[in-house]
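Breakdown of the fold
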Amino acid sequence: NVSNIQDLSHNNFVSPYVYTFTYNDLDNITGTVKANQVGYQPDGFKYAYIGNYLGGAGYLDLSNSDVPTFQIRNAATDAVVYSGVPTLRGTDVRLSGEKVFDCNFTAFQTPGSYYVYVPNMGRSYDFDINLAVYDSVYWTALRGLYYQRHSQSLTTPFVPAEYVRDGCPTTATIDISHTSSSLY
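Residues numbered from 1 in each chain as written. Predicted model: local features only at pLDDT ≥ 70, side-chain atom pairs only at ≥ 80, totals over all residues. Heavy atoms only, no water.

What to know about the pairing of strand β9 (residues 98–104)
- For β9, a buried count of 6 out of 7 residues is recorded, marking the element as mostly surrounded by other parts of the structure.
- One ladder, built from 5 bridges, connects strand β8 (residues 87–92) with β9; its direction is antiparallel. Following the sheet pairing, G90 is matched in β9 by V100.
- Between β8 and β9, which follow one another and run antiparallel, lie 5 residues, and G97 among them has a positive phi close to 75°. (Buried < 20%, exposed > 50% of the residue type's maximum accessible area, 1.4 Å probe, protein only. Helix = DSSP H or I, 4+ residues; strand = E, 2+ residues; numbered from the N terminus. Pairing = 2+ DSSP bridges.)

Structure below.
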């Protein structure tokens, strides 16, 4: 029987503390289960991946027979809408340090919000499946390129008021220190 336990900060514990918690791997978004966080188009290829680098322990070593099935689950209801068996993609010790398994769910084409779940390994971030899934990425990338145009004036209604500016000069000068360059 242990009593009067003292920690390094000199706190006395007359009786042991009992801590309980509930672990649910459906709530555990891990780096082990990976999916495209933007999403997928219904008729496009859809892959998620299982693999993890464990630091000094190397890669998460799963044999082909140890890999559990993967599930595609509805993000709102957690209902299983698709499942499959991962296949070994390869071991990439040099770059990622991972042994990677493919989770091919190309056959699943129902639009909605989902996540990939692998029992005892966790789940991915949510992603969407829909025809317009890449529209916001396209819009954001093009808007960024437009806002960064050097000699272009930015005016409303093409940009929000906080980004309005006059264009920069259209003639360039070369610093004297660069005149010896073969590109000059």
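That shown, we press on.
Thoughts on the sheet that holds strand β5 (residues 47–50)
- Here we have 4 strands laid out as an open sheet, ordered β3-β5-β9-β8, and antiparallel in their pairing. Sheet topology places β3 (33–34) and β8 at the edges, where each strand pairs with a single neighbour.
- Two elements, β3 and β5, share 2 bridges in a ladder whose sense is antiparallel. Residue pairing across strands places V33 opposite I50, the latter belonging to β5.

Considering unusual backbone geometry
- That bond from T156 to P157 is cis: its omega, 10°, falls within 30 degrees of zero.
- Looking at the element boundaries, P157 is found in the segment after α1 (135–147).
- Although it is not a glycine, D78 adopts a positive phi angle of roughly 65°.
- You can see D78 is positioned in the loop between β6 (70–74) and β7 (80–84).
- Residues other than glycine seldom take positive phi values, yet N120 does so here, at roughly 70°.
- Structurally, N120 is set in the loop between β10 (112–118) and β11 (122–123).
- Take N120: its relative accessible area is 72%, and that puts it in the exposed class.

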